[in-house]
Protein chains: 2
Amino acid sequence: MNKVLKSQLFQQGEAIPWEYASPGIQRQVYGHDDQVMLVKVKFEKGAVGAVHEHSHTQVSYVESGVFELTIGNERQLLKTGDGFFVPSNTLHGSVCLEAGVLIDVFSPHREDFL
Amino acid sequence: MNKVLKSQLFQQGEAIPWEYASPGIQRQVYGHDDQVMLVKVKFEKGAVGAVHEHSHTQVSYVESGVFELTIGNERQLLKTGDGFFVPSNTLHGSVCLEAGVLIDVFSPHREDFL
């Protein structure tokens, strides 16, 4: 595939469809090309982002809520305004302790989200 | 330089120093490696992100506020929950109409921010 998938230049949040990710977790795909992708992920209280890994580097920002994050062997509570970094091929998972939203960014893009 | 600069796995927002970017604009650098970097940018009302371009792809999320964004020849008002995508080497700029915060992500990282 030589085609580079790209988003529009502007995204209106209200116009982006919410997609089911897993129980209590939904996502919206924002700006992206083949190199980077921004995704908004909404968690209900108690929702679990199961431990997983991927080759993509991930950087995230906690827009709201409280999350227990595990990355590799480290675990930390994160709240509104905090962030985290997941190196390539590193196991990570989250438990949502208070309903909230993560801004997750992947590099390269998550082809599986398109 | 073969050294890959990487952030810590977890970032506590309150512990990240604010850096002066330009009049009315400050930033905090969150998670990053050489491939991707997440930056929180706080704008006072009326602050202007001067038109500029860079080789990095940029994806952004409007955490709060109202901004007039120009990307290439397109211009749009964006508010809380909206987003935008700046292709590599594309002129872009912003005017802050109501004080707020952008989450800007660059790929590769902004070496000039470290």
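Draft legend 1. Highlighting the overall build of chain A. On a plain count of helices and strands, chain A comes out with zero helices and nine strands. Along its sequence from the N terminus, chain A presents helices and strands in the succession β-β-β-β-β-β-β-β-β. Against the 2.2 N^0.38 benchmark of 13 Å for 114 residues, chain A shows a C-alpha radius of gyration of 14 Å, consistent with a compact globule. By principal-axis analysis of the C-alpha atoms, chain A measures approximately 40 × 30 × 25 Å. A burial count over chain A gives 54% of its 114 residues as buried.

Draft legend 2. Local environment of the packing of aromatic side chains. Summed over all chains, the structure comprises four aromatic pairs over all chains. Note on A:Tyr30 and B:Tyr61: the rings are 5.5 Å apart at their centroids and 80 degrees apart in plane angle, and the pair reads as edge-to-face. Pair noted here: A:Tyr30 is in strand S3 (residues 25-32) and B:Tyr61 is in strand S6 (residues 57-71), and the two residues belong to different chains. The buried category is assigned to A:Tyr30, whose relative accessible area is 1%. Taking 4.9 Å as the distance between ring centres and 80 degrees as the angle between the ring planes, the aromatic pair formed by B:Phe43 and B:Phe67 counts as edge-to-face. Linking B:Phe43 in strand S4 (residues 37-43) with B:Phe67 in strand S6, this pair joins segments that are 24 residues apart in sequence. Note on B:Phe67: relative accessible area 0%, which makes it buried. A cation sits over an aromatic face here: A:Lys42 above A:Trp18, 4.1 Å from the ring centre.

Draft legend 3. Local environment of the pairing of S6(B). Residues and elements named next belong to chain B. Extensive coverage of S6 is indicated by the burial of 13 of its 15 residues. Direction of pairing for S6 relative to strand S9 (residues 92-107): antiparallel, over a ladder of 13 bridges. Across the sheet, the residue bridging to Gln58 is Phe106, located in S9. Alignment of S6 against strand S7 (residues 74-79), held across six bridges, turns out to be antiparallel. Paired with Val66 across the bridge in S7 is Lys79.

Draft legend 4. Region of the structure containing unusual backbone geometry. Residues and elements named next belong to chain A. That bond from Ser107 to Pro108 is cis: its omega, -5 degrees, falls within 30 degrees of zero. Along the chain, Pro108 falls in the segment after strand S9 (92-107). Here the phi dihedral of Asn89 falls at roughly 55 degrees; this positive angle occurs in a residue that is not glycine. Relative to the assigned elements, Asn89 resides in the loop between strand S8 (83-86) and S9.

Draft legend 5. A look at the relation of the copies chain A and chain B. Between chain A and chain B, the superposition needs a rotation of 180 degrees and an axial shift of 0.0 Å, giving an RMSD of 0.0 Å. The superposition operator between the copies reduces to a two-fold rotation axis. When the interface residues of chain A are mapped onto chain B, 100% of them again lie at the interface, so the same face is used by both copies.

Draft legend 6. View of the interface of chain A and chain B. In this complex, chain A contributes 39 residues to the contact, which on the side of chain B involves 39 residues. Here chain A meets chain B over a buried area of about 3300 Å², counting both sides, of which 62% is carbon and sulfur. Per-residue buried area on chain A facing chain B is highest for A:Leu9, A:Phe10 and A:Phe85; these three make up 23% of the total on that side. The interface formed by chain A and chain B includes two salt bridges. The closest approach of N and O atoms between A:Lys79 and B:Glu14, which form a salt bridge, is 3.7 Å. Linking chain A to chain B there are 20 residue pairs in polar contact (both at pLDDT 80 or more). Counting residues per element, the ones that place at least two in the side of chain A that touches chain B are strand S1 (10-11), S3, strand S4 (37-43), strand S6 (57-71), strand S7 (74-79), S8 and S9 of chain A. The element that contributes the greatest number of residues to the side of chain A that touches chain B is S6(A), accounting for seven residues.

What counts and how
Residues numbered from 1 in each chain as written. Chains lettered and ligands numbered in written order. Predicted model: local features only at pLDDT ≥ 70, side-chain atom pairs only at ≥ 80, totals over all residues. Heavy atoms only, no water. Helix = DSSP H or I, 4+ residues; strand = E, 2+ residues; numbered from the N terminus. Rg over C-alpha atoms; globule rule 2.2 N^0.38 Å. Buried < 20%, exposed > 50% of the residue type's maximum accessible area, 1.4 Å probe, protein only. Phe/Tyr/Trp six-rings, centres within 6.5 Å; stacked < 30°, edge-to-face > 60°. Lys NZ or Arg CZ within 6 Å of the ring centre and 35° of its normal. Pairing = 2+ DSSP bridges. Least-squares fit on C-alpha atoms with pLDDT ≥ 70 in both. Contact = heavy atoms within 4.5 Å. Buried area = accessible area lost by both parts, 1.4 Å probe. Salt bridge = Lys/Arg side-chain N within 4 Å of Asp/Glu carboxyl O. Polar contact = N/O pair within 3.5 Å; in protein donor to acceptor, adjacent residues only side chain to side chain.

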